Amino acid sequence: MSGRDWVLHVDLDQFIAAVEVARRPELRGRPVVVGGSGDPTQRGVVATASYEAREFGIQSGMPLRTAAKRCPEAVFLPSDPPAYQRVSEQFMATLRRFPVVVEELGWDEAFLGVRTDDPEAMAAQIREAVRVATGLSCSVGVGDNKLRAKLATGFAKPAGTYRLTRDNWAAVMAERPTDALWGIGRKTARRLAEAGLLTVAQLARADPDELAGRFGPVQGPWYRMLALGAGETEVSGAPYVPRSRSREITFQHDLTDRSEIAEHVAALARRVARDVADEGRPAQRVAVKVRYAPFLTQTHGIPLPTPTSDPAEIERAALAVLELFERDRPVRLLGVRAEFRET
């Protein structure tokens, strides 16, 4: 194919909610919330919400009870991961029918390496093929690198195409807050704001040495490069490899007994160890997540002495991490994560 090289970012719109609505067409146009057991009187968090539900301020990670208060008429459904996996496989297979390099980012999104004179036309073909194959809509960001393509998708939603390149970067991004950048979250944005850097343009003009002094010799200058729109241009077709395996449990009643909390962490660690063994790759780090009542979440982790799949070692590490948490607060959720070495 003639033309120049582009990066496309393809993202299924409201993926999990869209799968559920496709299975239940009578829910189309209604606020739909997916998460936990699907019972908002029970503890659990929102996995995803339809656009109609998002209009009420419902977001991923929000307690189901809070979502129900914001939108009592919403339809609440339990998560069904196997169904989402099947649709994801259809989605990725559809993308691979095109003359592109596909780099999976997860269930519902991928970067495509494309050589074409008309990336918007290619995007339109991809969107139609995905619609036919899965019944779902997707949005496509067109960029001259991964960062810009990923951000462009946000402007394309829902079910559209948007181009963001060096040519229009400043016009589109300069006056946006720093957390509009992929790679800068709310906490980092607050720290940048404390340094007087509120917008992408201000961060782009910041002194690299000052950023290094405040945020570290690697991280600080990297934030500035993000603000300049710099990013990788190479799309890898290597198979998607998970970076971690995790398990978690939400309790319907708060846990206060330390020995009971430790028993749950040990059980979760053993389940994660089985996942690690199935993955066939040793873990190199173990992390524990604790969500205290009412809804404060903390995560700590430690490296393993040597990479391992040994259940006893993973359990031992998880219990050691648990000791890093406060002891006198009621716990509503526990999670254990094993992280793999990046390849």
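Before reading on, note that the structure itself is shown above.
Since the model is a prediction, treat every value here as computed from it, not as a measurement. (Residues numbered from 1 in each chain as written. Predicted model: local features only at pLDDT ≥ 70, side-chain atom pairs only at ≥ 80, totals over all residues. Heavy atoms only, no water.)

**Side note on the sheet that holds strand E3 (residues 48-49)**
What counts is decided by this rule: Should DSSP find at least two bridges between two strands, the strands are regarded as paired. Every helix listed is a DSSP run of H or I at least four residues long, and every strand listed is a run of E at least two residues long, numbered separately from the N terminus.
If you walk across this open sheet you meet the three strands as E3-E2-E4, and the pairing is mixed. This sheet does not close on itself; its edge strands, each paired only once, are E3 and strand E4 (75-77). For strand E2 (residues 32-34) and E3, the ladder comprises two bridges, and the chain directions are antiparallel. What sits directly across from Val34, in E3, is Thr48.

**Regarding helix H5 (residues 119-134)**
Where we set the bar: Multiply 1.5 Å by the residue count of a helix minus one, and that product is the helix's expected span. Classification of residues uses two cut-offs on accessible area relative to the type maximum, computed with a 1.4 Å probe and protein chains only: under 20% is buried, over 50% is exposed, and between them is partly exposed. Throughout, the arc means the angular range of directions from the helix axis out to the C-beta atoms. The contact criterion used throughout is that any non-hydrogen atoms of two residues lie within 4.5 Å.
Compared with an ideal rise of 1.5 Å per residue, which puts 16 residues at 22 Å, H5 spans 22 Å between its outermost C-alpha atoms and is within 8% of the ideal. Every buried residue of H5 is accounted for by Pro119, Met122, Ala123, Ile126, Ala129, Val130 and Thr134. For H5, the buried positions fall inside an angular range of 130° around the axis, keeping them on one side. Each element contacted by the buried residues of H5 is listed here: strand E1 (4-12), helix H4 (81-95), strand E6 (109-116), strand E7 (138-143) and strand E8 (161-164). Among the residues trailing H5, Gly135 stands out with phi positive, at a value near 80°.

**Some thoughts on the pattern of salt bridges**
One side chain can pair with another of opposite charge once the charged atoms of both are near each other. Stated formally: The term salt bridge refers to a pairing of a side-chain nitrogen on Lys or Arg with a carboxyl oxygen on Asp or Glu at a separation within 4 Å.
Scanning the model with the defined rule gives 24 salt bridges in all. Of the charged contacts, one joins Arg148 and Asp144 as a salt bridge, the two residues approaching to 3.2 Å between their closest N and O atoms. By relative accessible area, Arg148 is classed as buried at 8%. Between Arg247 and Asp275 there is a salt bridge; the shortest N-O distance is 2.8 Å. Of the two residues, Arg247 is situated in strand E9 (residues 244-255) and Asp275 in helix H12 (residues 258-279); the sequence distance between them amounts to 28 residues. Classification of Arg247 by relative accessible area gives partly exposed; the value is 31%. Asp275 gets classed as buried once you look at its relative accessible area, which sits at 15%. Within the structure, one salt-bridge network assembled from shared partners comprises Glu20, Arg23, Arg24 and Asp80.

**Some thoughts on the packing of aromatic side chains**
Our working rule: The aromatic pairing rule takes the rings of Phe, Tyr and Trp, using the six-membered ring of Trp, and pairs them if the centres are within 6.5 Å, calling planes under 30 degrees apart stacked, those over 60 edge-to-face and the rest tilted. Only when the NZ of Lys or the CZ of Arg is both within 6 Å of the ring centre and within 35 degrees of the ring normal is a charge said to sit over the ring.
Tallying each qualifying case throughout the model produces seven aromatic pairs. Geometrically, the ring pair formed by Phe15 and Trp107 is edge-to-face, given 6.2 Å between the ring centres and 65° between the ring planes. One end of the pair, Phe15, is in helix H1 (residues 15-23); the other, Trp107, is in the loop between strand E5 (101-104) and E6, with 92 residues separating them in the sequence. Ring centres of Phe111 and Trp182 lie 5.9 Å apart, and the angle between their planes is 55°; on these two criteria the pair is classed as tilted. A residue pair is termed long-range when its members are at least 10 positions apart, and Phe111 in strand E6 and Trp182 in the loop between helix H7 (169-173) and helix H8 (186-194) qualify at 71 residues. The ring of Trp6 has Arg4 lying over it, and the distance from NZ or CZ to the ring centre is 3.9 Å. Looking at Arg291, its charged tip hangs above the ring of Phe295, at a distance of 4.4 Å from the centre.

**As for the sheet that holds E8**
This is how the line gets drawn: Each axis is a line fitted through C-alpha atoms, taken for helices only over the stretch in contact, and angles between the N-to-C directions span 0 to 180 degrees.
A sheet is described by the order of its strands in space; here five strands give the open sequence E5-E6-E1-E7-E8, paired in mixed fashion. Edge strands, defined here as strands with exactly one partner in the open sheet, are E5 and E8. Taking each pair of neighbouring strands and ignoring which way they run, the sheet shows an average axis angle of 25°. This element, H4, spans E1, E5 and E6 of the sheet and lies at about 10° to E6.

In short, shape yes, function no, at least from these values alone.
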